[in-house]
Amino acid sequence: MLKPKWLDLILDNVKDLEIRRTPGHTVVNERIWLCQSGSKAVFGYARVAAVMGPLTAEQWAELRPRHGVEGGWLYGTSTFAWVLTGAVRLQRPLPIERKPGSIGTQVGPGF
């Protein structure tokens, strides 16, 4: 789930790094579907080329421009950088059903 501003930057292939609290090593070389916060729709997809981390404060400072979000070290010793490639915006958002309270990665039929 991504706020509209950050989702647009990823889908415009401007932002290529997503910072997460979870390692995400199981999604390396996989396509992930990108949803907008507050919606029940997929707006596009990207491939996770690599996962870096857990990041040190120094590594985070070096990588932060690629993430685009201002501010300090996000998750302390549980900060991971997902490297995204080949982002594609869907022509029309694809409606999905989400589990209540679900955020992060979720797999469903056809995904």
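Here, the structure is the one placed above.
Basis of the calculations
Residues numbered from 1 in each chain as written. Predicted model: local features only at pLDDT ≥ 70, side-chain atom pairs only at ≥ 80, totals over all residues. Heavy atoms only, no water. Salt bridge = Lys/Arg side-chain N within 4 Å of Asp/Glu carboxyl O. Helix = DSSP H or I, 4+ residues; strand = E, 2+ residues; numbered from the N terminus. Buried < 20%, exposed > 50% of the residue type's maximum accessible area, 1.4 Å probe, protein only. Polar contact = N/O pair within 3.5 Å; in protein donor to acceptor, adjacent residues only side chain to side chain. Contact = heavy atoms within 4.5 Å.

J.: So what about the pattern of salt bridges? Which residues, and what values?
T.: Considering all chains together, one arrives at five salt bridges under this definition. Residue R66 pairs with D16 through a salt bridge whose shortest N-O separation is 3.0 Å. Of this pair, R66 sits in helix α2 (residues 57-67) while D16 sits in the loop between α1 (4-11) and β1 (17-20), placing them 50 residues apart in sequence. Using a relative accessible area of 33% as the deciding quantity, one classes R66 as partly exposed. In this structure, the salt-bridge partner of E18 is R20, at a minimum N-O distance of 3.0 Å. What emerges from the salt-bridge pattern is a single network uniting D8, D12 and R89.

J.: Describe the side chain of K15, naming the residues involved and giving the relevant values.
T.: The topology assignment puts K15 in the loop between α1 and β1. Among the polar contacts listed, one links the side chain of K15 to the side chain of E18, at a separation of 3.1 Å. With residues near it in sequence (within four places) discarded, K15 still touches W6, L9, I10, R66 and H67.

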